[in-house]
Amino acid sequence: MKNRKAELAPCGVFCGACPSYKKTCLGCSSESKEQKRTSKWGCKVRNCCYNSQNKNYCIECDDFPCEKNRNKLIDTHPGDVKYKYRHEIPEIFVKMKEMEVEAYLEFQKKRWTCPSCGGIIHFYKYECSKCGKKEIV
Ligand SMILES: [Zn+2]
């Protein structure tokens, strides 16, 4: 029943748009020991979702958006546009319920791809990692 994608964190963040993805980190869902970023294994949201609730994504949980997710992500840095990718979790993550996981992954990939050059748009800066174009995702 596991349908975990490297680019999709359990909490709703699109790992594919993270500046660390494929550099120091293989994504929040990864169990690989061959990555620098290991803090994910201590993440309360990840542990709750994967281990306590035995789900793949918080959106599958009846408690979503729970206090753990809100404290770690949704409610952090209120009003700071750098963290829009966290604040948007409640509204964007419900789309996973409307579509299959694969379609949701494609939808997210498309959102975070530069329309000018096809490069990846990173969150925090919301600009293309390839051509530097500013993008509102
Ligand atoms: Zn670009």
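Quick note: structure is the one above.
Bear in mind that the values here come from a model prediction, so they are computed numbers and not experimental data. (Residues numbered from 1 in each chain as written. Predicted model: local features only at pLDDT ≥ 70, side-chain atom pairs only at ≥ 80, totals over all residues. Heavy atoms only, no water.)

Draft legend 1. Molecular detail of the pattern of salt bridges. Going through the model one piece at a time under the given rule, you end up with nine salt bridges. In this structure, the salt-bridge partner of E102 is K5, at a minimum N-O distance of 2.9 Å. On the criterion of sequence distance, the pair formed by E102 in helix α6 (residues 101–111) and K5 in the segment before α1 (44–52) is long-range, its members being 97 residues apart. For K5, a relative accessible area of 19% gives the class buried. Among the salt bridges present, the one from K109 reaches E106, with a minimum N-O distance of 3.9 Å. Pair noted here: K109 and E106 are both in helix α6, with a separation of three residues, about one helical turn. The class of K109 is partly exposed, set by a relative accessible area of 32%. The partly exposed category is assigned to E106, whose relative accessible area is 47%. The network of salt bridges with common partners includes E7, E106 and K109. (Salt bridge = Lys/Arg side-chain N within 4 Å of Asp/Glu carboxyl O. Helix = DSSP H or I, 4+ residues; strand = E, 2+ residues; numbered from the N terminus. Buried < 20%, exposed > 50% of the residue type's maximum accessible area, 1.4 Å probe, protein only.)

Draft legend 2. Just the side chain of E7, in detail. Here E7 lies in the segment before α1. For E7, a relative accessible area of 16% corresponds to the buried category. Discounting residues that sit within four places of it in the chain, E7 has contacts with V13, F14, C15, G16, Y21, L105 and K109. (Contact = heavy atoms within 4.5 Å.)

Draft legend 3. Quick peek at the packing of aromatic side chains. Tallied over the entire structure, the rule returns 11 aromatic pairs. Plain terms: the ring middles of Y85 and Y124 are 5.3 Å apart, the flat faces sit at 80 degrees to each other, and that makes the pair edge-to-face. Here Y85 is found in helix α3 (residues 84–87), whereas its partner Y124 is found in the loop between β1 (121–122) and β2 (127–128), with 39 residues between them in sequence. Take Y85: its relative accessible area is 5%, and that puts it in the buried class. For Y124, a relative accessible area of 32% corresponds to the partly exposed category. For K33, the ring lying beneath its charged end belongs to W41, and the centroid distance is 4.3 Å. A cation over a ring is seen here: K40 above W41, with NZ or CZ 5.8 Å from the ring centre. (Phe/Tyr/Trp six-rings, centres within 6.5 Å; stacked < 30°, edge-to-face > 60°. Lys NZ or Arg CZ within 6 Å of the ring centre and 35° of its normal.)

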